[in-house]
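Fold and contact review
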Amino acid sequence: MERHDVVVIGGGLTGMAAARRAHQLGLRVLVAAATPGSLPYTSGAMDLLGVYPTETRHYRCSPWEALSELVECDPEHPYGKVGLGGVRSAWDEFAAHLAAGPLGYHCQPADNVLLVTSAGTLKPTHLVPHSMKHNVRAWESRESTLVLGFERLMDFSPEHVVQTLRERWPGLRAARIDATALLEDSRRICVTELAAAFERDAFRQRFADTVRPMLGGARFLGLPAVLGFEGVRPVCDELEQLLGLPVFEIPMLSPSLPGMRLTEVLKADLLRQGVTLLQGRPVRLEREADRVRAVVWQGSASERRFETDDVILATGRFFGRGLVAHQGGVREPLLDLELDLPPSRDAWHMQSFLGAPGHPINRVGLTTDAELRPLDRRGAPVCTNLRAAGAILGGHDWVREKSGAGISVVTGYAAAERVAAAREGA
Amino acid sequence: MNDTRQRMLEALLQQGGDGCVSCGACVAGCPVADWNEERLDPRRIVRLIQYGVGDRVAELDWIWHCTTCGRCGYTCPSGIDVSTLVQAARALVPHDRSPGQIQQTADLHCTTGNNMQLTSEQWLETVEWMRDELADDVPDLEVPVDRCGAEHFLTINSKLPMYYPEDLQDIFRLFHAAGVSWTLSSSWWEGTNYAMFTGDEATWEHTLRQQVDRVHQLGCRTMAYTECGHGYYATLTGLQRFGIPHRFRVVHVVSLYAQWIREGRLRLDPSRNPGRFTLHDPCNAVRKAVMAGIPSIAEDARLVLDHVCEEWVEMTPNRDANYCCSGGGGALIAGFKRARTHHGRTKVEQIDRTGAAQVCSPCVNCLDALNNLAQDYQRPWKPVHLWTLLARAIVS
Amino acid sequence: MKIETEVLVIGGGLTGAGVLRDLTLRGVQALLLERRDMDSGASGANHGLLHSGGRYVVHDPESAAECIGENAILKRVASGCIEQTGGLFVGLPGDDESYAADFMAAAARVGLDARVVPVDQALEQEPRLDRAITTAIEVPDASINPFMATMANLADAAQRGARVMLNTQVTAMRRDAHRITTVQCIDSRTGREIEIEAQQIVSAAGPWVDRIAAMAGIEIGIAYSKGSLLVTNSRLTDRVINRLRPPGDGDIIVPGETVTITGTTSIRVRNLDHLTTSAAEVDLLVERASQMLPALRQARFIRAYAGVRPLVASGAGSDRGLSRSFTVFDHEGDGLVNLATVTGGKLTTYRLMAERVVDLICRRLDNHTPCSTTQVPLPGSGEGITLDARQRLARLSEPPPAGEVLCECEMVGREQVDRIIHSLLQAGQRPEPNALRLRCRLGMGSCQGGFCGFRTVGHLCRRGDLSGPEGNEVLIRFLEKRWGGIRPVLWGEQLRQEQLLEALYCGTLNIDGGL
């Protein structure tokens, strides 16, 4: 039986941010995650706030301006609960950490930037990994750019990208190469095999030799996000040297290597700091009156019990099963809370998939007090020592606001800070 | 409905298979995906079962290529562990039709008490021989056999007496230096359980019970499980699965090493192991252990490495995200050598990236698999047991 | 543009396709118009059930007899579109026991091969059935893929010189006292107007026959009966499962190759377009079907869809009381000698419907070639050929080359898709994900086109079939179209699927952003 100061349930961005902050504040932390959550599926870029309000789909160049408005108009929004100051300090700290790390995140502290995606659409975001730095610049400059794809890699079509943007960016060109010839043996042409290949010297050389004659005066080279695993930064730099022009990655759907890399980096950080991380099985709560006594890891053969003073619930929404929707409603499974939502399932989603402002069910989540403790139907905290953070909170629509990473980091930090403060006060 | 199809569909739905969102995370992390003629990967296995062709899954070679490393289940956002489905499918294959030598090995274990069919005499002769070899170096070395009341019952992989007897010397040296109470056993000393690989639960249970009885007979309070992944996993999960009462705890030797270091029982000189090392986390003793709820050796192995060498670097990914050595799940002796070598390319590249000269590999099967890869891919790095590094580093 | 032909067929569902083929087999020159893509009506929104006739033996023996006959015929001539699953009628505690007795007696009367089987045997064959079933009767139900059947009919007809014009809508008809002289239509994609002069016209437009008839100044009374169906993620039964009681809602479960389809309802509607399935309907279907198959309560549903049955109105009474048999109108009473309408009926009887109306048309044309659709197999059908999902999937050893799979859920490869694109282009159709979806199983699996839609658009851009910003327009259209069918079943695991896709499309791609 092992004792911790705080157990964070959920190993995604929220959970890891909360764990990071808790550790900084001197707490002994354990993270228990049933699944990898949604971080590995993200583009690798970190969104703070891109659209506000969602009704009008108003793209905001300055997330801080938008945040000021939001915090004032919507105090129940997770950003509202944390407050502008809390958002700023958490985000700045985390951004600095990512900038200093192996993925070399960049940000223009004031403004959002636009990233070219694998659909040729533009994605507003705030922090961009090193491998996508030139993606932003290429679009801003509209200079001659070659978008290169791979034969048989069906997940990325340079033609799709270029055709979508061509009108606004006449200097954009598409081409493909056959990677089979560049690989030593017969392998699938897929994201992970290509990434492994890019981490090899010999492959990079052959790749550069093949691509050089195709560049034709281009000032940038765009590629699908396959430029290696943890070694992506040196890979990009070396390709730039070999080819004589900046190289950038373009975010893809799934698998998304930039999201996977960020996940690994954040995990490694926590492990280095001595935080215990368990992944792969669900947990249950052991409660006594209005407190959580322990978090029980439900291994497939045996259970493991972790006693703890505090719990941070960072289990996300439906994808990570932080919330579960049955035919008649939505439940939070660990506290066994039924959530309030439109009575008819017909009202959960709009008639249109992509239409504004977004689906009502996406705004449903845990209501919390100022301590970020989930409240029951009567408005009282369900457990005095359990706080919630991240997408599981109600009152936001991160997918339409483009605020996912921000909500995760900021509320993760806020929850950890409240845990630490409460301990101090106790 | 065809019984096999029905059982596979049940196994799938129990795993939450209806929740597959087709994201391909399992495929991205699976070294065995889509190379051979069957063009399969974990996602496609789920599809086959969903679509009512689960019986075909039991006929595939792919389920024997799979090393049951569990990385699919680990990365799946829906919690679907395809390695468990592979196990379910293997269990539906008649034992005499499982490929290679897996079942035969399990049968030998069952009938003779060890995989190599060694008699008690042969085993103990080798033990004595190796002890004698050490006599000059460690004059007061004692290697207890069948000592009643000893604290630790040490299991040994029969490959050691059979093929790598020198490793026994390292182990003896190490246990002696730790000054703990321990014993070998003349019978039921094998530190593996290959029956788990073919889904032969009857044999798995039988051999486990025999060993449990032996530990009880000797009155040991700890089963010190040798550097092995699947044997450790099969033992701890088997005790649960078959409801076997036992009056001892099972501890992986790596955890014992770490404990001894923390207790100051070992004086170690890390300069005795020069050069750069890296660490391979055995799937069954780390990732699958975590998912089973049994202790993982990941942090203990790191503690030990910190003390036995001067320079070591992590592979990426590592711990429970590590890639399989390519030899898990019986793949070492399943007979698909060419495929296995190809599937090891991810592992080879992972090791290459560390720039290490030696790969610490605290599992006998992993070590064999990595040796094969080093040979097939002509790599200079050498796999090595943790007991070897310890034995070298011990200061008398 | 002007076209002359012997016979014009209006309606590209299975009936229209069957009519076209029958005509060509009798040597008639024919042209078919379909305002959208093939099977965009009831033929593309049904159970996929090849009726044994068991459902009708007690209350509608005429329909039952038709089904029995056609069931046997189609299993011969359309064998490649049919999986011979067999079927069971199961009774549960509380069901009217006399119905079972009536059933067997009625079956004997119409010649339906029905056998009572021991409950133990039924449970062994179908372990997911509720253990409490009291009776089980085996019947020769089967599963039919209507898209394959329509494609086979159209392809065969085209081979004999028939012309098929999809995306072509009839807008008006000009007539004199006795004949329809010209039919005006418009190609909905190019806007081109076309005038057709035909000696005879067959309206096989399903529930739209009243609109077609109205263009000729004729009134046909059609009641629109909407039926909703649900598709599961996994194939849960081997056989068709029916409820052994008077026909009602949610009492049929049909295996559809890799999935299970359950339905249906019967709701009067007035609007034929924009059919939706409400949460209440879905819940009703789940509740009813799970009485026979409890596993459905926990099952993941990937799609809901609805089709409209045209019921030739004959007065009061519930829709279920109306005969499911079909009607052929010769319109001679309305003073027209060159129009015939065939409507009503069911998928199972399409061939017979076609035969009857083509008999009428050929009489008028003085063509005495007999109908041969009972003998001549469709392309892809014949002796020893069946549609067996397991066979298809077992051929995984001949899958697409590594890395060239477009649809991972249904394992559809690039080569197959390219072949379909080629045939679409040849027919003057635009290759779009939805057109591909109808012609292979791309997009019909768990993710319902979420991932393969994107890959396919990328592939089409690569091929040059899409240009400019069309790619994302096509993609969004595809996503919105599939959304209509997914929205009603969004809970549990399917909601997780959609949450992931929304996060990828709106988060990673910002495709909703308009930037």
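Residues numbered from 1 in each chain as written. Chains lettered and ligands numbered in written order. Predicted model: local features only at pLDDT ≥ 70, side-chain atom pairs only at ≥ 80, totals over all residues.

1. Some words on the overall build of chain B
Put simply, the test is: Think of it this way: any DSSP run of H or I at least four residues long counts as a helix, any run of E at least two long counts as a strand, and we number them from the N terminus. Here the globule rule reads 2.2 Å times residues to the power 0.38, and the radius of gyration is calculated from C-alpha atoms. Placing a C-beta atom from the backbone of each residue, one calls two residues in contact when those atoms lie within 7 Å.
Per the secondary structure count, chain B includes 21 helices and eight strands. Here the C-alpha atoms of chain B give a radius of gyration of 21 Å, agreeing with the 21 Å that 2.2 N^0.38 yields for 396 residues. In chain B, once contacts between residues fewer than 6 apart in sequence are set aside, the share between residues at least 24 apart is 81%.

2. Observations concerning the sheet that holds strand β3 (residues 222–225) of chain B
Residue and element names in this part refer to chain B. Counted only if it meets this: Here a strand pair is declared whenever DSSP counts at least two bridges between the two strands.
Spatial strand order, β2-β1-β3-β4: four strands in an open sheet with parallel pairing. On the outer flanks of this sheet lie β2 (182–183) and β4 (249–252), each paired with one strand and no other. Relative to β3, strand β1 (residues 152–154) is paired through three bridges, and the arrangement is parallel. From the neighbouring strand, H152 faces β3, where its bridge partner is T222.

3. What about the environment of C:R300?
In this structure, C:R300 sits in the loop between α7 (279–292) and β18 (301–312). Once the C-alpha coordinates of C:R300 and C:R128 are considered, the two residues, 172 residues apart in sequence, prove to be 15 Å apart. Once residues within four sequence positions are removed from consideration, C:R300 is found in contact with B:D18, C:T232, C:N233, C:G492, C:E493 and C:Q494.

4. So, the domain arrangement of chain B
Many analyses report the size of an interface as the accessible area lost when the parts associate. Residues and elements named next belong to chain B. Applied cut-off: Residue ranges assigned to each domain were obtained from an automatic or database domain assignment. Gly is placed with the polar residues, together with every amino acid not listed as nonpolar (Ala, Val, Leu, Ile, Met, Phe, Trp, Tyr, Cys and Pro) or charged (Asp, Glu, Lys and Arg).
Each domain of chain B was delimited in the assignment, giving domain 1 (3–93), domain 2 (102–262) and domain 3 (270–393). If you average the C-alpha positions of domain 1 and of domain 3, the two centres end up 25 Å apart. Elements represented by at least two residues in the side of domain 1 that touches domain 3 include exactly α5 (62–65) and α6 (71–75). In terms of residue count, α6 provides more of the side of domain 1 that touches domain 3 than any other element does, three residues in total. Among the residues making up the side of domain 1 that touches domain 3, the classes are represented as seven nonpolar, six polar and two charged.

5. Points about the interface of chain B and chain A
On the chain A side, the residues contacting the 26 residues of chain B number 29 residues. Of all the elements in the fold, those that place two or more residues in the side of chain B that touches chain A are α2 (25–29), α6, α14 (230–241), α16 (287–292) and α19 (345–354) of chain B. If you tally residues by element for the side of chain B that touches chain A, the top one is α14(B), at four residues. When the residues that make up the side of chain B that touches chain A are grouped by side-chain class, the tally is 12 nonpolar, nine polar and five charged.

6. Quick word on the confidence of the model for chain C
Definition in use: Residue-level confidence of the predictor, termed pLDDT, takes values from 0 up to 100.
Per-residue pLDDT for chain C averages 92, and the proportion of residues at 70 or more is 95%. In the predicted assembly, ipTM is 0.97 and pTM is 0.94.

7. Remarks on the packing of helix α13 (residues 201–218) of chain B against α14(B)
Residues and elements named next belong to chain B. Note the cut-off: Only the stretch in contact is used when fitting a helix axis, every axis being a line fitted to C-alpha atoms; angles between N-to-C directions are given from 0 to 180 degrees. Any angle that falls under 35 degrees is termed roughly parallel, while one over 145 is termed roughly antiparallel, one within 65 to 115 roughly perpendicular, and all others oblique.
In contact at an axis separation of 10 Å, α13 and α14 are set at 95° when each is read in the N-to-C sense. It follows that α13 is roughly perpendicular to α14 by the angle criterion. Here α13 contributes W204, E205 and L208 to the contact with α14, which in turn contributes A234, T235 and G238. Partitioning the contact of α13 with α14 into residue classes produces three nonpolar, two polar and one charged.

8. So, the domain arrangement of chain C
All names here are of chain C. Considered domain by domain, chain C is made up of domain 1 (85–140 + 223–318) and domain 2 (399–508). Using only C-alpha atoms to locate each centre, domain 1 and domain 2 end up separated by 30 Å. Each partner contributes residues to the interface: domain 1 has 12 residues there, and domain 2 has nine residues. Broken down by secondary-structure element, the contributors of at least two residues to the side of domain 1 that touches domain 2 are α7 and β18. Examining the composition of the side of domain 1 that touches domain 2, we find that five residues originate from one element, β18, more than from any other. Of the residues contributing to the side of domain 1 that touches domain 2, the split by class is seven nonpolar, three polar and two charged.

9. Observations concerning the interface of chain C and chain A
Taken together, the contact pairs 45 residues of chain C with 49 residues of chain A. Contributions of two or more residues to the side of chain C that touches chain A are made by α7, α12 (452–463), α13 (470–486) and α14 (492–508) of chain C. Element by element, the count of residues in the side of chain C that touches chain A is highest for α14(C), at 11 residues. Partitioning the side of chain C that touches chain A into residue classes produces 21 nonpolar, 15 polar and nine charged.

10. Focus: the environment of C:F301
Residues and elements named next belong to chain C. Along the chain, F301 falls in strand β18. Considered as a pair, F301 and V259 are 42 residues apart in the sequence and their alpha carbons are 9.7 Å apart. When sequence neighbours within four positions are dropped, the list of residues in contact with F301 reads L230, V231, T232, V489 and Q494.

11. Observations concerning helix α10 (residues 414–426) of chain C
An α-helical turn contains 3.6 residues, so any two residues separated by three or four positions project in the same direction. All names here are of chain C. What counts here: One less than the residue count of a helix, multiplied by 1.5 Å, gives the span that helix is expected to have. For the exposure call, what matters is how many other C-beta atoms sit within 10 Å of a residue's own: 20 or more marks it buried, 12 or fewer exposed, and in between partly exposed, using C-beta atoms placed from the backbone. Arc definition: directions from the helix axis to the C-beta atoms.
Taking 1.5 Å per residue as the helical rise, α10 with its 13 residues ought to reach 18 Å, and the 18 Å between its terminal C-alpha atoms agrees with that figure. Of all the residues in α10, the buried ones are R414, V417, I420 and I421. With its buried residues spanning 125° around the axis, α10 presents them on a single face. In α10, those exposed residues whose orientation departs by more than 90 degrees from the buried face are E415, R419, H422 and Q426.

12. Description of the nonpolar core
Put simply, the rule is: Each nonpolar core reported here comprises buried Ala, Val, Leu, Ile, Met, Phe, Trp, Tyr and Cys residues connected via C-beta atoms within 7 Å.
Core analysis: the biggest nonpolar cluster contains 431 residues, and A:V31, A:I312, B:L390 and C:V202 have the highest contact counts within it. Here this core takes nine residues from helix α11 (residues 404–425) of chain A, the largest share from any one element. In contact with A:V31, not counting residues within four places along its chain, are A:V8, A:G11, A:G15, A:A19, A:L270, A:V275, A:T276, A:L277 and A:L278.

13. Observations regarding the sheet that holds strand β8 (residues 172–177) of chain A
Residue and element names in this part refer to chain A. Here four strands make up an open sheet; going across it, the order is β8-β7-β9-β10 and the pairing parallel. In the strand order of this sheet, the two ends are held by β8 and β10 (247–250), each with one partner. On average, adjacent strands in this sheet sit at an angle of 30° to one another, irrespective of strand direction. Against the sheet, helix α5 (residues 158–165) makes contact with β7 (145–150), β8 and β10, and its axis sits at roughly 175° relative to β8, the strand it touches most.

14. Section: the pairing of strand β14 (residues 240–243) of chain C
Residues and elements named next belong to chain C. Across the two faces of β14 the burial is the same, with V240 and N242 and I241 and R243 all buried. Sheet topology note: the strand β5 (residues 87–91)/β14 ladder contains four bridges and is parallel. The residue of β14 that forms the bridge with V90 is R243.

15. Topic: the environment of C:A114
Residue and element names in this part refer to chain C. Examined against the element boundaries, A114 turns out to sit in the loop between α3 (97–110) and β6 (115–116). Linking A114 and A155, residues 41 residues apart in sequence, is a C-alpha distance of 35 Å. Residue contacts for A114: discarding those within four places in its chain leaves G54, M104, A107, I137, E138 and V139.

16. Some details on unusual backbone geometry
All names here are of chain A. For the peptide bond that leads from Y52 to P53, omega is -5°, which places it in the cis range. Tracing the backbone shows P53 in the loop between β2 (29–33) and α2 (63–73). Cis peptide bonds are those with omega within 30 degrees of zero, and the linkage from A356 to P357 qualifies with -5°. Locating P357 in the fold gives a position in the loop between β17 (337–338) and β18 (386–388). Of note in this structure, K402 is not a glycine but carries a positive phi near 55°. Within the secondary structure, K402 sits in the loop between α10 (398–401) and α11. The class for K402 is buried, based on 30 C-beta atoms found within 10 Å.

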